[in-house]
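# Structural features, examined
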Amino acid sequence: MRKQDKDRNGKPEALLWVDVETTGVDRDLDELLEVGMRCTSVDATETYGTLTRLVKPQCLTLDDFTPVSFSMHCDSGLLYALVDSDPSRINRKAVADAILEFLDSLAQRFTLVPAGTNVDFDIDFLKRLDLNPDRWLSYRKFDLTTLRRYLTFLDCHEDPYKKHAGTHRVRDCIRRDINDYIRYRKLLKGAWR
C-alpha cells in the first residue's frame, strides 16, 4: 500500500461509493426510495463491501413525485419493488440500522472517502434517516461531477448528462460511476507520463 493511501490515523483510505434514488431533487421535501453503497480501494480494483436497500416512505402519494422521477422509477421497476417488498425490511429504521452496521464495520478498517455523482445530495438524504455521516466519512469527498465537467471542458470526454443511460437504480449508477472513474484514472495517468 502506498503511503498516500493512509490517513493520519494509519488506516488506509477507501472510496465509499454512494447513490440514492428519490421522488425528486428537493433535498428537504422529496422522499428517499433506495440507497446503495459500495466500498472499494482507492483505485477501485477491490471491493470491500456492498449495501443496497429499498426505503419505503411512511406515506407516499403520486403528488410526492415529479413527473420525471415517477416515469423513471416505473421504468426501472423501483416502484414495483417497493410495493412487493417486506415492510419490516424496508422501513426507515431498518434501513438506518443496516447502514449504521455497514459503515461501523468499514470505518473500523478504513478512512471512508465518499465518492460518486453529486455526493452531497446523497449524503443529505442519509442525514434524513437520522444518521450522522460525519461519524464515518472523511470530510474529503470525491465527486465525479467535477471531473466529468472538467474533462468535457477539455474536450476529452462527451458530456454524460446529455444522454444518461441506465436504469436509475443504485447498483447501476454506482457501477457506472466506478467504471467512469477507472476510465478517467487511465486517461489522467496517461496524460501525466
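In what follows, the structure referred to is the one given above.
Residues numbered from 1 in each chain as written. Predicted model: local features only at pLDDT ≥ 70, side-chain atom pairs only at ≥ 80, totals over all residues. Heavy atoms only, no water.

## Describing the side chain of Asp19
Along the chain, the position of Asp19 falls in strand E1 (residues 13–22). Lacking a salt bridge, the buried Asp19 has Arg176 as its closest oppositely charged neighbour, with an N-O distance of 5.9 Å. (Helix = DSSP H or I, 4+ residues; strand = E, 2+ residues; numbered from the N terminus. Buried < 20%, exposed > 50% of the residue type's maximum accessible area, 1.4 Å probe, protein only. Lys, Arg positive; Asp, Glu negative; His and termini not counted. Salt bridge = Lys/Arg side-chain N within 4 Å of Asp/Glu carboxyl O.)

## Overview of helix H1 (residues 67–76)
Taken as a whole, H1 has its buried residues at Ser69, His73 and Ser76. Looking straight down H1, one finds that the buried residues subtend no more than 65 degrees of arc, so they occupy a single side. Exposed and oriented more than 90 degrees from the buried face of H1 are Pro67 and Asp75. For H1, the elements touching its buried residues are E1, strand E2 (32–40) and helix H2 (78–84). Directly after H1, the chain includes Gly77, whose backbone phi takes a positive value near 85 degrees. (Arc of directions from axis to C-beta. Contact = heavy atoms within 4.5 Å.)

## A short note on the environment of Leu112
Within the element layout of this structure, Leu112 appears in strand E4 (residues 111–116). When the C-alpha atoms of Leu112 and Trp136 are compared, they prove to be 6.7 Å apart, with 24 residues separating the residues in sequence. Each residue touching Leu112, except ones within four places of it in the same chain, is listed here: Ala14, Leu16, Cys39, Leu103, Leu106, Ala107, Trp136, Leu137 and Ser138.

## What to know about the packing of aromatic side chains
What the rule picks out here adds up to five aromatic pairs. Where Phe121 meets Phe125, the ring centres are 5.0 Å apart and the plane angle is 55 degrees; that geometry is what we call tilted. Taken as a pair, Phe121 and Phe125 lie in helix H5 (residues 119–127) at a separation of four residues, close to a single helical turn. Of the two residues, Phe121 and Phe125, both sit in the buried class. Look at Phe142 and Tyr181: their rings are 5.2 Å apart centre to centre, the planes differ by 75 degrees, and that puts the pair in the edge-to-face class. Within this pair, whereas Phe142 is found in strand E5 (residues 142–143), its partner Tyr181 is found in helix H7 (residues 170–191), the two being separated by 39 residues in sequence. Its relative accessible area of 27% is what places Phe142 among the partly exposed residues. Put simply, the rings of Trp17, Phe142 and Tyr181 pair up and form one aromatic cluster. (Phe/Tyr/Trp six-rings, centres within 6.5 Å; stacked < 30°, edge-to-face > 60°.)

## Here we look at helix H6 (residues 144–153)
When H6 is considered as a whole, its buried residues turn out to be Leu144, Thr145, Leu147, Arg148, Leu151 and Thr152. Burial along H6 is one-sided: seen end-on, the buried residues are contained in an arc of 165 degrees. Projecting away from the buried face of H6 at angles above 90 degrees are the exposed residues Thr146 and Phe153. On its buried side, H6 packs onto E1, E4, E5 and H7. Directly beyond the C-terminal end of H6, a positive phi value near 60 degrees is found at Asp155.

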